[in-house]
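The primary structure of each chain is shown beneath.
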Amino acid sequence: MTDNKVLEMDNVSFKYEKETVVKDVSLTIEAGQFFGLVGPNGSGKSTLIKLMLGLLKPTKGSIKLFGSPVRSFKHWEEIGFVSQKANSFNSGFPATVLEVVKTGLISKTGLFRFYNKNDREKAMQALKTVEMEDYFNHNIGELSGGQQQRVFIARALVSDPKFLILDEPTVGVDAKHVADFYQLLHKLNRNEGITLLMVSHDIGTITEHASHVLCMNKTIHFHGESHEYKAFSNEDLSRLYGHPVQQLTHNHGEVDPRD
Ligand SMILES: Nc1ncnc2c1ncn2[C@@H]1O[C@H](COP(=O)(O)OP(=O)(O)OP(=O)(O)O)[C@@H](O)[C@H]1O
């Protein structure tokens, strides 16, 4: 039988100094799943991602990526990461869209290597996947938040990742374009077979789109299929979040006139 486990966390805990911010987390993500990671502010979501990426070392427990302990994992090109701060370049940033996407090849090629024609084709292909190929020569800072976010997804896609982690990628993307953004994620998940894990504050939208939901507040409060999560009452959720929460919230991002 083929082992299709992308991520395995077994009883993982982490503290920055004294305070434990991730506690006894055990979870498995399998190939092809689309996980939404939700939880209140400061509940440890970004910390959990840093643990998965090997950027922090757990104080307890074990983490495996594609069956290998994260400490000795070598195939980082198989993991794509798009952070919540990706779409915050100012208009003077001196790099074109194509140059930004090509930097995604560094993990595969090493820092001191010149790009070749093949790299350019790969970068253009990734831009095509996110429907931004017409902008290849634009300065990254000229683009809207939503467009920049697509470019950063292309940057993550250029090394053909099998697992893509997105930390609040829709921050700064206006509500009108959030639907297009999810369409892109479905394309990556279903057509390209990329396993997804996405952090979102918009519980209503993420649970509509993700196949699975992970709800945490230091520990895991729910880990399962989205339709089961939707059975949580607003009272259950509000207790967990410590303030009133509705299942059907909507994105209220700022409208960017360029989108
Ligand atoms: N580098 C750090 N040093 C010390 N404490 C930290 C550090 N980074 C985060 N924390 C604390 O750890 C806790 C979890 O933070 P984390 O950023 O993982 O939560 P989050 O769920 O991603 O939050 P948000 O939804 O607000 O982005 C918070 O109390 C935060 O203040």
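Residues numbered from 1 in each chain as written. Predicted model: local features only at pLDDT ≥ 70, side-chain atom pairs only at ≥ 80, totals over all residues.

Visitor: Looking at this structure, I do not really get helix 4 (residues 117-129). What am I missing?
Guide: Given 3.6 residues per helical turn, the α-helix brings residues three or four places apart onto the same face. Across its 13 residues, helix 4 extends 19 Å between first and last C-alpha, which sits within 8% of the 18 Å expected from 1.5 Å per residue. Taken together, the buried residues of helix 4 touch helix 2 (97-102) and helix 5 (145-157). Count one or two residues on from helix 4 and you reach Glu 131, which has phi positive near 60°. (Helix = DSSP H or I, 4+ residues; strand = E, 2+ residues; numbered from the N terminus. Expected span 1.5 Å × (residues − 1). Contact = placed C-beta atoms within 7 Å.)

Visitor: Help me understand the pairing of strand 4 (residues 60-65) in this model?
Guide: For a regular strand, the rule is simple: side chains alternate between the two faces of the sheet. Sheet analysis places strand 1 (residues 5-15) next to strand 4, joined by five bridges and oriented antiparallel. Paired with Leu 7 across the strands is Leu 65, a residue of strand 4. In this structure, strand 4 lies alongside strand 5 (residues 68-69), joined through two bridges in antiparallel fashion. When the sheet's bridge partners are listed, Lys 64 is paired in strand 5 with Pro 69. In this antiparallel pair of consecutive strands, strand 4 and strand 5, the connection spans two residues, and Phe 66 shows a positive phi of 45°. (Pairing = 2+ DSSP bridges.)

Visitor: I would appreciate a short explanation of the sheet that holds strand 1 in the present structure.
Guide: By way of backbone hydrogen bonds, the strands of a sheet pair with one another, either parallel or antiparallel. Spatial strand order, 2-1-4-5: four strands in an open sheet with antiparallel pairing. In this open sheet, the two edge strands, each paired with only one partner strand, are strand 2 (20-30) and strand 5. This element, helix 1 (residues 45-52), spans strand 1, strand 2 and strand 4 of the sheet and lies at about 60° to strand 2. (Axes fitted to C-alpha atoms, helices over the stretch in contact; angles between N-to-C directions.)

Visitor: Could you clarify how one ought to interpret the site of the ligand in this entry?
Guide: As a matter of local geometry, the ligand sits amid Tyr 16, Val 21, Gly 39, Asn 41, Gly 42, Ser 43, Gly 44, Lys 45, Ser 46 and Thr 47. For the shell around the ligand, the element with the most residues is helix 1, which contributes three residues. Classifying every residue of the shell around the ligand by side-chain character gives two nonpolar, seven polar and one charged. (Near = placed C-beta within 6 Å. Nonpolar A, V, L, I, M, F, W, Y, C, P; charged D, E, K, R; others polar.)

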